[in-house]
Amino acid sequence: MSTEDQRAPRSLAAALRARDDASLAALLRARPDLITPVPTDLTQLATRAGTRASVVRALERLDRFALQTAEALAVAGDPATYPELLGLMAGDTRDPVVADALPGALAALREQALVWGDESCLRLVRTARELLAPSAQHPSPTGLGPSVREATAGMSPGRIQELVATAGLPSTHDSVSAVGALTALFTHRKKMAALLASAPADSVDILKRLMWGPPYGQVTADPAARLRWLLDRGLLLPTAPGTVVLPREVALHLRGGRAHRTAEPVPPAVEAAATHPPQVVDSTAAGQAYTSLATVEELLKDWHEGGPAVLRAGGLSVRDLKRTAVALDVSEPMAAFWVELAYAAGLLASDGEADERYAATPEYDEWLERPPADRWAQLAQAWLAATRTSGLVGGRDLKERALSALGPGLDRSAAPEVRHRVLTLLAGLPEGAAPDQEAVLARLRWERPLRGPQGQQSAQGPQGSQGAQGSQGDDDLRSRLARWTLMEAELLGVTGRGALSAHGRALLGARSATRPAAAVTADARTGPTGPTGPTGPGDKLPAPHRATAAGPQAASPAASLTASLSPPEQAVATAAAARLLTPLLPEPLDHVLLQADLTAVAPGPLRRPLADVLSVLADVESKGGATVYRFTPGSVRRALDAGRSASDLHAFLTEHSRTPVPQPLAYLIDDVARRHGHLRVGAASAYVRCDDDALLNEILADKRAAPLRLRRLAPTVLATQADPATLLDGLRAMGFAPAAESAEGDVLISRAHAHRTPPRTAPEPVPDGPPVPDTTLLTAAIRAIRAGDLAATTPRKPTEDAAPLAPGQLPRTSSAETLATVQAAVLTGEALWIGYVNAEGTASQRVIAPVRVEGGFVTAYDHTADEVRTYPLHRITGVAELADD
């Protein structure tokens, strides 16, 4: 290997240029924003990888230990060596667990182009260093302050020399060497220990208070002796009037070399808190799955003739949500979940009319005809992929506007990833094992820690004042999403008794885990940052590393699960989940049990025709494992209004009852049927006619009929100015059973009008950034980047009269010079570097070998595209010859 090959890369672009295609593909897959749009060359890719927005996004996707490694590099030298980084992470004691995990974390940072260089020259990208390095405005998450050099930048040379002398060091000729001498003293373990041994105990106590941060404190104009001792020796340095800081080197000595109070190389273990028989879990989840189908069906049946109105700002009003909760017999948050689930599955939408209302979609009718397991699978798949978050309903947005169900502002792009990750953690447990919720939340916080100071305790400043530090609470969005996921998975029947069911595992695309509970420990680095880990700090990406405090262990089945499946894979997984759920669901019944107290008991789910007729003939009194229906005069009249006769009802009940029809129920039906239609209501505005004039006299004499303002037109006819619907309602309120009739005198049959929206598609989830590119796009993008980089970096032959071109700048030559150079290259067979602008106005650089020139076009082999192409000469901005080497 040549000396040039052995040299470390001098820039991030050079480091990317040394990568192979597989490594570049891993980078673009981990950071898909870098490929939108495709960079023209590796220099542009490196520039884009260093932009603030892209670096922030990459940092937010690091796990806690990888982030701690980046934070340690931000307070290390630039560049840093691997031993220096190891000292900051593992401390002077060289914690073996941290030392074993550090190469994996460093490999993850290299893979995402946040760190480049070999072990002798590690560099954190500049933007990441600016974000993570300590400053007065943005304290470091490590709790460290500025270095001695940074803290003394504005100090007078005389004051610096005084610090050197008081610390017992020889005087120097300039401030730079004096600061270097102080730094050398503070980083020398034995000399620093001797200096602190001579310090007053009160002074050492002050240093220990500032040791873990915050490193800043307040002092008075006349500090106490214990503070004066520290200030005179540079152990505390002034940064502003009345403010002092603990230099980074001093803090590291006090910490034993550690950048963090506690390094966390191993993720928290998610262990089983309770274990149930798998059959019990599956049957419990299946029962809840069937309940979820009934709830959604009941919701849309309640909105059958048109649901609540759409608010002007969009969404469901608080009053309508309360009504829906009462109708479903659930709490308001649960009602919001079911409403949002139906919306996400495409079963519910607004009708788009002038008086806009919510209603079922045509998809709902098709959904009803599918088998129960397929209907559940559609709901579960929609829930997994939905970004709309019902848990936010009732809260406020950033502008303090209320968030309503079905309204705007409920999308959270992180929701699908959190749902998949929570269920993946459950899938890593043995069958029937339910985890502790706090353990799941702790694992998620390790995989995606919050930005800002974390886990730092308050420290007292020199004057004893408490310094506040931010802490990571349980109310962050990801933790709330995880809590909602566990609750919603139980409601939907994905889990049973807190454990993932067999059909829930299939929905994820996971196989059943069979390892014992004792083997379920932390699987390090299987989160969003990808696999990391093994043995050395080199550039080659290592094999997955999983370790516990006791040492390495084998990978768990859940470790191979991705955050989500591709659409074809998800369709296969959904079908598998439906197949597993089918035998667990109860078979619909074709009978009920009639009782003498005018009730009917359905001991299980009913077949659809029976359920539909019974829901008209009776009112639901209670739900549960067995549904109780109650027959009332109003419900029987409702069935008669729907066109059923008394004989039809008797035959229906006799056919579908396992018990004899009770006499009170038969009497109720006959009594209501005898009176039904005895009065006839038509339009006069409205009229009442009856063959029994005595009954009409009774109506006229009733005080409750006064609001109807009835008057007699004939012995058997009464008329009113009220409309027929008002007249019908009024007479029914008085205890009569009138029937409406048409203009021809026929009885009108009243059936529920099924209001449907126009065809609607389910809402599209809001993506969490650019989508991960597929293999085809990655291959094409890498080829284009390589080609552009070849054109940009190919050496050019220098010319005497032409000024050197800046990187990325296109060559400029006249038309005559371009034509002459191309024609000469055809004769000599040499390659040329050209600038080219296509028909869309996009400029690019290319390396071509001209074959022929004719008709204003040059035909050449394009080295950057690896194919023969034809270019119009008028679109070539200029040409340049390539260097001989």
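Residues numbered from 1 in each chain as written. Predicted model: local features only at pLDDT ≥ 70, side-chain atom pairs only at ≥ 80, totals over all residues. Heavy atoms only, no water.

Engineer: Would you explain the overall build of the protein chain in this entry?
Structural biologist: Helix and strand content of the protein chain: 34 helices and 29 strands. The proportion of buried residues among the 885 residues of the protein chain is 48%. Taking contacts inside the protein chain between residues at least 6 apart in sequence as the whole, the part at least 24 apart equals 68%. By element, 54% of the accessible surface of the protein chain is carried by carbon and sulfur atoms, the whole surface being about 41,400 Å². (Helix = DSSP H or I, 4+ residues; strand = E, 2+ residues; numbered from the N terminus. Buried < 20%, exposed > 50% of the residue type's maximum accessible area, 1.4 Å probe, protein only. Contact = heavy atoms within 4.5 Å. Areas by Shrake-Rupley, 256 points an atom, 1.4 Å probe, with all protein chains shown as cover.)

Engineer: Where do I start with helix 8 (residues 96-111) in this structure?
Structural biologist: An α-helical turn contains 3.6 residues, so any two residues separated by three or four positions project in the same direction. Counted at 1.5 Å a residue, the expected span for helix 8 with its 16 residues is 22 Å, and the 24 Å between its end C-alpha atoms agrees. Within helix 8, burial applies to Val-98, Ala-101, Leu-102, Pro-103, Gly-104, Ala-105, Leu-106, Ala-107, Ala-108, Leu-109, Arg-110 and Glu-111. Buried-residue contacts for helix 8 involve helix 3 (21-30), helix 6 (64-75), helix 7 (82-90) and strand 1 (115-116). Residue Asp-95 occupies the N-cap position of helix 8, its side-chain oxygen lying 3.1 Å from the main-chain nitrogen of Val-97. (Expected span 1.5 Å × (residues − 1). Polar contact = N/O pair within 3.5 Å; in protein donor to acceptor, adjacent residues only side chain to side chain.)

Engineer: Any chance you could explain helix 12 (residues 175-187) here in plain terms?
Structural biologist: Between its first and last C-alpha, helix 12 extends 18 Å over 13 residues, near the 18 Å set by a 1.5 Å rise per residue. Against helix 10 (148-151), helix 11 (157-166), helix 13 (189-197) and helix 16 (248-254) lie the buried residues of helix 12. Where helix 12 starts, the residue carrying a side-chain oxygen 3.1 Å from the main-chain nitrogen of Val-176 turns out to be Asp-174.

Engineer: Sorry if this is basic, but what is going on with the packing of helix 21 (residues 372-385) against helix 24 (residues 477-492) here?
Structural biologist: Each pair of packed helices can be summarised by the angle the axes make with each other and by the distance between the axes. Packing of helix 21 against helix 24 brings their axes to within 11 Å, and their N-to-C directions diverge by 170°. Judged by the inter-axis angle, helix 21 sits roughly antiparallel to helix 24. On helix 24, the residues that touch Trp-376, Leu-379, Ala-380 and Trp-383 of helix 21 are Thr-485, Glu-488, Ala-489 and Leu-492. The residue makeup of the contact of helix 21 with helix 24, split by class, is 6 nonpolar, 1 polar and 1 charged. (Axes fitted to C-alpha atoms, helices over the stretch in contact; angles between N-to-C directions. Parallel < 35°, antiparallel > 145°, perpendicular 65-115°, else oblique. Nonpolar A, V, L, I, M, F, W, Y, C, P; charged D, E, K, R; others polar.)

Engineer: Would you mind showing me how to read the pattern of salt bridges here?
Structural biologist: Oppositely charged side chains can form a pair if their charged atoms are brought close together. Summed over all chains, the structure comprises 28 salt bridges. Ionic pairing is found between Asp-92 and Arg-189, a salt bridge with its closest N-O pair at 2.9 Å. Of this pair, Asp-92 sits in the loop between helix 7 and helix 8 while Arg-189 is found in helix 13, placing the two residues 97 residues apart along the sequence. Judged by its relative accessible area of 42%, Asp-92 falls in the partly exposed class. When its relative accessible area of 32% is taken as the criterion, Arg-189 is described as partly exposed. (Salt bridge = Lys/Arg side-chain N within 4 Å of Asp/Glu carboxyl O.)

Engineer: It is not clear to me how the sheet that holds strand 29 (residues 876-881) should be interpreted in this structure. Could you clarify?
Structural biologist: Sheet strands pair by backbone hydrogen bonding; their relative direction is either parallel or antiparallel. In spatial order, the strands read 28-27-26-25-29; together these 5 strands make up an open sheet with antiparallel pairing. Edge positions in the open sheet fall to strand 28 (867-872) and strand 29, since each of these has one partner strand only. The mean inter-strand angle of the sheet, taken between neighbouring strand axes irrespective of direction, is 45°. Where strand 25 (residues 832-837) meets strand 26 (residues 843-854), 6 bridges bridge the pair, whose relative direction is antiparallel. (Pairing = 2+ DSSP bridges.)

Engineer: Please clarify how the nonpolar core should be interpreted in this entry.
Structural biologist: Among soluble globular proteins, nonpolar side chains are generally buried collectively. In this structure, Phe-65, Phe-186, Leu-235 and Leu-236 are the most contacted members of the largest nonpolar core, which totals 91 residues. With 8 residues, the single largest contributor to this core is helix 6. Setting aside chain neighbours within four positions, we find Phe-186 in contact with Val-148, Met-192, Leu-195, Arg-233, Gly-234, Leu-235, Glu-249, Val-250 and His-253. Core analysis: the next-biggest nonpolar cluster, separate from the first, contains 73 residues, Leu-299, Ala-335, Leu-406 and Ala-578 among them. (Core = buried A, V, L, I, M, F, W, Y, C linked by side-chain atoms within 4.5 Å.)

Engineer: Looking at this model, I keep getting lost on the packing of helix 11 against helix 12. Mind explaining?
Structural biologist: Orientation of helix 11 relative to helix 12, taken along the N-to-C sense of each, is 30°, at an axis distance of 10 Å. Both helix 11 and helix 12 take part in a crossing whose hand is left-handed. Of the residues in helix 12, those touching helix 11 at Pro-157, Ile-160, Gln-161, Leu-163 and Val-164 are Ser-175, Ala-178, Val-179 and Leu-182. (Left-handed = near helix turned anticlockwise from the far one by under 90°.)

Engineer: I would appreciate a short explanation of the sheet that holds strand 16 (residues 593-595) in the present structure.
Structural biologist: With antiparallel pairing, the 4 strands of this open sheet are ordered in space as 16-17-19-18. In this open sheet, the two strands that pair with only one neighbour each are strand 16 and strand 18 (619-622). Neighbour to neighbour, the strand axes of the sheet diverge by 30° on average, direction disregarded. Note that strand 17 (residues 599-602) and strand 19 (residues 627-630) share 4 bridges and pair antiparallel. Bridging from a neighbouring strand, Val-601 pairs with Val-628 of strand 19.

Engineer: Got a minute to help me understand the packing of aromatic side chains in this structure?
Structural biologist: For any pair of aromatic rings, the description rests on two quantities: the centre-to-centre distance and the angle between the ring planes. Going through the model one piece at a time under the given rule, you end up with 4 aromatic pairs. Lying across the ring of Trp-367, Arg-375 places its NZ or CZ 5.2 Å from the centre. (Phe/Tyr/Trp six-rings, centres within 6.5 Å; stacked < 30°, edge-to-face > 60°. Lys NZ or Arg CZ within 6 Å of the ring centre and 35° of its normal.)

Engineer: Hey, could you run me through the pairing of strand 4 (residues 237-240) in this one?
Structural biologist: Sheet topology places strand 4 next to strand 5 (residues 243-245); 3 bridges connect them, and they run antiparallel. In the strand pairing of strand 5, Leu-237 is matched with Val-245. Where strand 4 folds back onto strand 5 in an antiparallel hairpin, the turn is made up of 2 residues, including Gly-242, whose phi is positive at roughly 80°.

Engineer: Looking at this model, I keep getting lost on the environment of Thr-152. Mind explaining?
Structural biologist: Its place among the elements puts Thr-152 in the loop between helix 10 and helix 11. By relative accessible area, Thr-152 is classed as buried at 4%. Sequence spacing of Thr-152 and Thr-239 is 87 residues, and the spatial spacing of their C-alpha atoms is 8.2 Å. Residues contacting Thr-152, with those up to four places away along its chain left out, are Ile-160, Val-179 and Leu-237. At 2.7 Å, the side chain of Thr-152 and the backbone oxygen of Val-148 are in polar contact.

Engineer: Would you take a moment to explain the side chain of Asp-476 for this structure?
Structural biologist: By the secondary structure assignment, Asp-476 is in the loop between strand 11 (466-467) and helix 24. Here Asp-476 sits buried without a salt bridge, and the closest side chain of opposite charge, Arg-445, lies 4.8 Å off (N-O distance). A polar contact of 2.9 Å, which involves the side chain of Asp-476, links it to the side chain of Ser-479. (Lys, Arg positive; Asp, Glu negative; His and termini not counted.)

Engineer: Can you walk me through unusual backbone geometry in this structure?
Structural biologist: Peptide bonds are trans in most cases, and residues, glycine excluded, mostly fall at negative phi. Note that the residue after Asp-78, namely Pro-79, is joined by a cis bond; omega there is 5°. Its place among the elements puts Pro-79 in the loop between helix 6 and helix 7. Along the chain, Gly-213 connects to Pro-214 via a cis peptide bond; the corresponding omega equals -5°. By the secondary structure assignment, Pro-214 is in the loop between helix 14 (201-210) and strand 3 (216-218).

Engineer: Explanation requested: the pairing of strand 19 in the structure shown.
Structural biologist: Bridge count between strand 18 and strand 19: 3 bridges; the pairing is antiparallel. The residue bridging Asp-619 from the neighbouring strand is Arg-630, located in strand 19.

Engineer: Teacher, can you tell me more about the environment of Ala-442 here?
Structural biologist: With respect to the element layout, Ala-442 can be found in helix 23 (residues 437-447). Classification of Ala-442 as partly exposed rests on a relative accessible area of 25%. Separated by 173 residues in the primary sequence, Ala-442 and Ala-269 place their C-alpha atoms 8.8 Å from one another.

Engineer: Sorry if this is basic, but what is going on with the confidence of the model for the protein chain here?
Structural biologist: Interpreting fine coordinate detail is not advised for predicted regions of low pLDDT. On average, residues of the protein chain carry a pLDDT of 82, and 85% of them reach 70 or more. Segment residues 452-475 is flagged for pLDDT under 50; beyond a separation of four residues in sequence, or across chains, it makes 62 contacts in the model. Of the regions scoring below 50 in pLDDT, residues 511-563 engages in 123 contacts with residues more than four places distant in sequence or in other chains. (pLDDT = per-residue confidence, 0-100.)

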